[in-house]
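# Summary of structural features
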Amino acid sequence: MAFDSETLAAELFTGVRNTVLSPAAGAIDRAGDPDPALASTDPDRLLAYLFVTPRACAAVDALLGLRSPA
């Protein structure tokens, strides 16, 4: 079968390695740091933002400083 071929797998991985990123890929790097106040007002939204644009910032510290309800 075609999917059992080692050549197919090698071609797939080579294609992924040779992929050129679009200029929009740099937009994530240019996105600003989120407001640390979001950690207390909307932690789910902040977590989603940090999932898409991971970065070390004050908002991460504020999010990690929250305590779950007992």
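## A word on the pattern of salt bridges
- One pass over the structure, following the stated rule, counts one salt bridge.
- Ionic pairing is found between D33 and R55, a salt bridge with its closest N-O pair at 3.5 Å. Of this pair, D33 sits in the loop between α2 (26–30) and α3 (38–41) while R55 sits in the loop between α4 (43–52) and α5 (58–64), and the two are 22 residues apart along the sequence.

## What about the environment of R30?
- Structurally, R30 can be placed in helix α2.
- What makes R30 exposed here is its relative accessible area of 63%.
- Taking the C-alpha atoms as reference points, R30 and T53, separated by 23 residues in sequence, lie 9.7 Å from one another.

## Observations concerning the nonpolar core
- In this structure, A39, L46, L50, C57, A59 and L63 together form the largest nonpolar core, which totals six residues.
- Among the elements of the structure, α4 and α5 are those that each provide at least two residues to this core.
- Ignoring any residue separated from it by four or fewer positions in sequence, one finds C57 in contact with D33, P34 and L50.

Calculation notes
Residues numbered from 1 in each chain as written. Predicted model: local features only at pLDDT ≥ 70, side-chain atom pairs only at ≥ 80, totals over all residues. Heavy atoms only, no water. Salt bridge = Lys/Arg side-chain N within 4 Å of Asp/Glu carboxyl O. Helix = DSSP H or I, 4+ residues; strand = E, 2+ residues; numbered from the N terminus. Buried < 20%, exposed > 50% of the residue type's maximum accessible area, 1.4 Å probe, protein only. Core = buried A, V, L, I, M, F, W, Y, C linked by side-chain atoms within 4.5 Å. Contact = heavy atoms within 4.5 Å.

So far we have only geometry, and geometry alone does not tell us how the molecule works.
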